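Working through the structure, step by step
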Amino acid sequence: MKKTSILLLTGIATFYFNNTYAQETVQDSTKTRSIDQVVITGNSRPKPKIESSTAISTFTAKEIQKQNPISAAALLQKVPGFAVETSGGEVGNNLFARGIPSAGAYEFTQVQEDGLPVFEDGALQFANADNFFRVDNSVSRLEALRGGSGSIFATNSPGGLINFITKEGGNDFKGTAKLETSTYGLMRTDVNLGGALIQDKLFFNVGGFYRTDDGIRKTDFKANQGGQIRMNLKYVFDKGYAKVYYKKLDDRNTFFLPIPLTQNGNDLKEFNGFNANYGTYSYRSISQLNIPQAGGGFFKRNLEDGIHPKVDVLGAEFKYDLGDNLSVTNKTRYTNINLNYTGIFPAGGPKTAKNFANTNGGITGNNFQYSLVSSGQVVNPAYVQELGFWAIDKKMNNFVNDLQFNYKFNKGNITAGFYKSNWKSNQYWNWSNVLATATDKPELLNLVDTSLTPNSIGYSKTYNGVTAMSFLLRESQVQGSLNDVYTNLDYNITDNLSLNAGVRYSRDFYKGYSVNTTKGNLNNSGLTTDGTHSFATTTADDNMSVLGNKYSYWKYDIDKVSYTLAANYKINKNNAVYGRFSHGFRSPNEEAYYNYFTTANPDQPLKPVTTNQIEVGYKYYTRNFDIGVIPFYSTLKNLSFTDVFSNGSSENTFADTENYGVEVEGFARFFNNLVEVSFNGTIQNPKYTGLSGSSLLEGNTVRRMPKLYFTISPAVNITKEWRTYVSYNYYGKRFQDQLNAQTLPAFGELGAGTSYQLGKIRFAVDGTNIFNTIGITEGDPRAGSPSGDGTIMARPIMGAAVRASITLDF
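Just so it is clear, the model here is predicted, and its values are computed rather than measured.

1. Describing the overall build of the protein
Check the secondary structure of the protein and you find six helices and 46 strands. Its C-alpha atoms give the protein a radius of gyration of 27 Å, within 12% of the compact-globule value 28 Å for 810 residues. Looking at the protein as a whole, 60% of its 810 residues are labelled buried. Taking contacts inside the protein between residues at least 6 apart in sequence as the whole, the part at least 24 apart equals 71%. Entry remark: accessible area of the protein is about 30400 Å², with carbon and sulfur atoms responsible for 55%. For the protein, the separation between the mean place of its 78 positive charges and that of its 71 negative charges on side chains is 3 Å.

What follows is the structure in structure tokens.
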């Protein structure tokens, strides 16, 4: 690993060069001046950032280009208040806003494109919002709002709003083309074009990307492959505009889950035979599954398909000036998603060969024998690992419309709107377990009981490496019908003092069903395991799940009000202070619905999660220095934890929490723009104030929540064309569980890079985790009670990697 780090640093250093023929260009700064920025997210009208009584971070297209994030989650790491886990790969990552804990995904924030949700609920099972969104050169800017008015302008978003705003064409034809490669087999091209079809009237923009790579973790197959295209057409007339747009996403990504590590307090080391930085159980040698079903037929799956969403989005936006200071805006969108999800989820941790044979296989003493499925060779592995081969199919659609009226008057403006959203998700699960060597290039194993003969009942504990064939099937549907009205008032008491008040009434309806299952096996199917022996000779089929014809139906409705009140005082053109109180909620998520209505749970009635938040803030913006300091306090009631365990059961724990903390965000230029420093950080103290089933946990730190995390990125503009930077991400100590038994140690990750602007061409090299830090973002939430020191299961960040790119602006 040391050699790898040295080579990566050498590669970055050798890219530093001076070109004596370089043209004069605008300095390659990473920051657009905050004092000049206008924000729209979480506001009823565009307003200067310093006048917005919200905690909001903004990133322009140029700033995103300079950061060159490997994923949407990596970009969101730059936002204070957002604790982001990026170890899952390009997609499927988790974001926690202001210490609000959850099972993962984007449960308390809404991810939007141009002010409408990517999908109405961003935390459906195995359907994280970032599965359906990619950052490319067609993004104009990002606005990330924490807390505040999120619950007024969107559903299920008390933690905040993440709004990616796409580019539109102008009178001048402009374009960007980018080519990128890497140390892990990346080949990616991005293109964006925009201009006018009719000057001052009709504009277009089209952009997208295509990418293929082997993955930073070594899978021995193409880990990521696919792309997207986005296009829009906008017509401007005297009193408004009309826009239509379309997006097509067809991309597949490998999802990375926990691997074995050795822990001794805060010291993490590699598990013998498993590379912590580049190893994974998601490997080609165990990638194929083809098994008979108890209900007939075969189920076939390919791990190389990974998380594979096919997304089609068709939308329109219309704005018209009705006169007398009254305008109307309508946004509408239809989204159709076909998601195939395949991943390797460890079922516990590694076990010695004998321990697994005795405890899992039910074999006595040393009467066991392992062999490779690939060759039949008898082997004696030191450790073996049972792995969940999880396959999920989801067919989802969402039709949403947001109608908004805005009235301007002398002292401010008032907005009133009606939000309607219908969505549906049908899902099918088929889960099996396989047995493999506990190494980063795993081999499938067969296990037999040598005290029996091959014709004996239960002689084999596997079927071609499968220990539990289709042990869990699930078929279910969830539907949502949301009917929300909202209003927002901005009122200027004086030129410097403004008030903001908003309220949203939600009358939402949810319903669904699940198909009941029974148990079966293949003993009387007439099939054989190897052409000779019946399935009575193996235990792999003894607990198969079979879908029946009995359905469980349920329904649930929401009748809630969200509200907020804020004041902003602009001390002068550079200084402002504000304060805000907000009350919001989050409807129970899919897994809570599924388990509550199919399982008797009288002690814990199903309720939405409610939040109260108080925040105050100070903002100081100049052309060379920005600072925002925002203390906050929040409480949550009836928060549900719904992790799905490796055996298919669900956690269903409920808790109350409180958190107080401070967010800091800033930027500074020094020495006539020679040095720049951007930074953001959060200090917080999230605690349990009530946890169902135990009063002993009162005051424990909320699981997976760091008390301190920050990013600092100094850069040097060596010349007007040549820039170099380093970036340091720190993630503080956390606990995997509510017992605070398993520590997730603090870690820091260092990145570095350089860029050179030659006329309209930009050359760049970006390195991530260049010292191969072993930093874990989560343990194994699917394993139930966590372990402490010794061999643990955890998900580390990716190993060192370098990307090189060439970008042409024209």
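2. Some points on the sheet that holds strand S24 (residues 368-372)
The strand order across the open sheet formed by three strands is S25-S24-S28, and the pairing between neighbours is antiparallel. At either end of the open sheet lies a strand with only one pairing partner, and these are strand S25 (378-379) and strand S28 (445-449). In this structure, S24 lies alongside S25, joined through two bridges in antiparallel fashion. Each residue of the ladder has a partner; that of serine 371, found in S25, is valine 378.

3. Regarding the confidence of the model for the protein
Mean pLDDT over the protein: 91, with 93% of residues reaching 70 or higher. Within the model, the stretch residues 1-30 combines pLDDT values under 50 with 68 contacts to residues more than four positions away or in other chains.

4. Re the pairing of strand S46 (residues 801-809)
Bridge count for strand S12 (residues 174-182) against S46 is seven bridges, and the pairing is antiparallel. Paired with leucine 179 across the strands is isoleucine 806, a residue of S46. Bridge analysis of strand S43 (residues 761-768) against S46 gives eight bridges, and the strand direction is antiparallel. The residue of S46 that forms the bridge with aspartate 766 is arginine 803.

5. Some remarks on a nonpolar patch on the surface
There is a patch of nonpolar side chains on the surface, built from Phe418, Val485, Val503, Tyr505, Val561, Tyr563, Phe581, Ile614, Tyr633 and Tyr660 and spanning about 820 Å² of accessible area. Of all elements in the fold, only strand S30 (497-520) and strand S31 (544-570) reach the threshold of two or more residues within the nonpolar patch. The class of phenylalanine 581 is partly exposed, set by a relative accessible area of 31%.

6. Some thoughts on the nonpolar core
Judged by nonpolar contacts, the single largest core of 63 residues is most densely connected at Ile162, Phe164 and Trp431. Examining the composition of this core, we find that six residues originate from one element, strand S29 (residues 466-492), more than from any other. Ignoring anything within four residues of it in the chain, the contact list for tryptophan 431 reads Phe126, Phe389, Trp390, Ala391, Ile392, Ser470, Phe471, Leu472, Val644, Phe645 and Gly648. Ranked by size, the runner-up nonpolar core spans 25 residues in total, among them Phe274, Ala391, Met469 and Ala540.

7. Quick look at the packing of aromatic side chains
Inspection of the entire model under this criterion finds 36 aromatic pairs. The interplanar angle of 70 degrees and the centroid separation of 5.8 Å between the aromatic rings of phenylalanine 368 and tyrosine 370 together place this pair among those described as edge-to-face. With relative accessibility at 17%, the residue phenylalanine 368 sits in the buried group. By way of ring pairs, the aromatic residues Phe126, Phe255, Tyr341, Phe345, Trp390, Trp429 and Trp431 are connected into one cluster.

8. Thoughts on the environment of asparagine 433
Here asparagine 433 shows up in strand S27 (residues 412-437). Asparagine 433 sits in the buried class, given a relative accessible area of 9%.

9. Thoughts on the sheet that holds strand S3 (residues 55-60)
On the basis of which strands lie adjacent, the open sheet formed by five strands has the order S3-S10-S11-S6-S7 and mixed pairing. Single-partner strands in this sheet number two, and they are S3 and strand S7 (116-117). In this sheet, strand S11 (residues 160-166) lies alongside strand S6 (residues 109-113) in parallel orientation, the contact comprising five bridges. Note on S11: the bridge partner recorded for glutamate 113 is phenylalanine 164.

10. Side note on unusual backbone geometry
Residues other than glycine seldom take positive phi values, yet arginine 98 does so here, at roughly 50 degrees. Summarising the element assignment, arginine 98 is placed in the loop between strand S5 (94-97) and S6. Backbone geometry places phenylalanine 126, a non-glycine residue, at a positive phi of 60 degrees. Its location among the elements puts phenylalanine 126 in the loop between strand S8 (123-124) and strand S9 (127-128). For phenylalanine 126, a relative accessible area of 12% puts it in the buried group.

11. Concerning the side chain of serine 432
For serine 432, the location among the structural elements is in strand S27. Here the side chain of serine 432 touches serine 470 through a polar contact of 2.7 Å, landing on its backbone nitrogen. Beyond its immediate sequence surroundings of up to four residues, serine 432 is in contact with Leu289, Ile291, Leu387, Gly388, Phe389, Trp390, Val466, Ala468, Met469, Ser470 and Phe471.

12. Describing the pattern of salt bridges
Under the counting rule described, the total for this entry stands at 30 salt bridges. Linking aspartate 136 and arginine 230 is a salt bridge whose minimum nitrogen-to-oxygen distance equals 3.3 Å. Placement of aspartate 136 in the loop between S9 and strand S10 (139-146) and of arginine 230 in strand S15 (residues 224-237) is noted, with a sequence separation of 94 residues between them. According to the relative accessible area criterion, arginine 230 is buried, its value standing at 8%. Across the pair arginine 507 and aspartate 557 runs a salt bridge whose closest N-O atoms are separated by 2.9 Å.

13. A closer look at the environment of phenylalanine 710
Mapped onto the elements of the fold, phenylalanine 710 is located in strand S38 (residues 708-717). For the pair phenylalanine 710 and proline 80, spaced 630 residues apart in sequence, the C-alpha separation works out to 7.5 Å. If we ignore the near neighbours within four places in the chain, the residues touching phenylalanine 710 are Asn680, Gly681, Tyr728, Asn729 and Tyr730.

14. As for the pairing of S6
Within S6, five of the five residues are buried, which leaves the element mostly enclosed by the surrounding structure. Both faces of S6 are covered, namely the face carrying Thr109, Val111 and Glu113 and the face carrying Gln110 and Gln112. If you look at the hairpin formed by S6 and S7, you'll find two residues sitting between the two strands, and aspartate 114 has a positive phi there, around 55 degrees.

15. A closer look at the environment of glycine 89
Secondary-structure assignment places glycine 89 in the loop between strand S4 (82-85) and S5. Considered as a pair, glycine 89 and asparagine 224 are 135 residues apart in the sequence and their alpha carbons are 9.4 Å apart. Dropping the residues within four chain positions of it, glycine 89 is found in contact with Ser71, Phe256 and Met798.

16. Here we look at the side chain of threonine 280
Turning to its location among the elements, threonine 280 is positioned in the loop between strand S18 (267-270) and strand S19 (288-292). At 3.0 Å, the side chain of threonine 280 and the backbone nitrogen of serine 282 are in polar contact. When neighbours within four sequence positions are excluded, threonine 280 is seen to be in contact with Arg217, Lys218, Thr219, Phe256, Ile259, Phe274, Asp440 and Pro442.

Rules used in this analysis
- Residues numbered from 1 in each chain as written.
- Predicted model: local features only at pLDDT ≥ 70, side-chain atom pairs only at ≥ 80, totals over all residues.
- Heavy atoms only, no water.
- Helix = DSSP H or I, 4+ residues; strand = E, 2+ residues; numbered from the N terminus.
- Rg over C-alpha atoms; globule rule 2.2 N^0.38 Å.
- Buried < 20%, exposed > 50% of the residue type's maximum accessible area, 1.4 Å probe, protein only.
- Contact = heavy atoms within 4.5 Å.
- Areas by Shrake-Rupley, 256 points an atom, 1.4 Å probe, with all protein chains shown as cover.
- Lys, Arg positive; Asp, Glu negative; His and termini not counted.
- Charge placed at Lys NZ, Arg CZ, Asp CG, Glu CD.
- Pairing = 2+ DSSP bridges.
- pLDDT = per-residue confidence, 0-100.
- Patch = residues over 30% accessible without salt bridge, like charges linked within 9 Å, V, L, I, M, F, W, Y side chains within 5 Å.
- Salt bridge = Lys/Arg side-chain N within 4 Å of Asp/Glu carboxyl O.
- Core = buried A, V, L, I, M, F, W, Y, C linked by side-chain atoms within 4.5 Å.
- Phe/Tyr/Trp six-rings, centres within 6.5 Å; stacked < 30°, edge-to-face > 60°.
- Polar contact = N/O pair within 3.5 Å; in protein donor to acceptor, adjacent residues only side chain to side chain.

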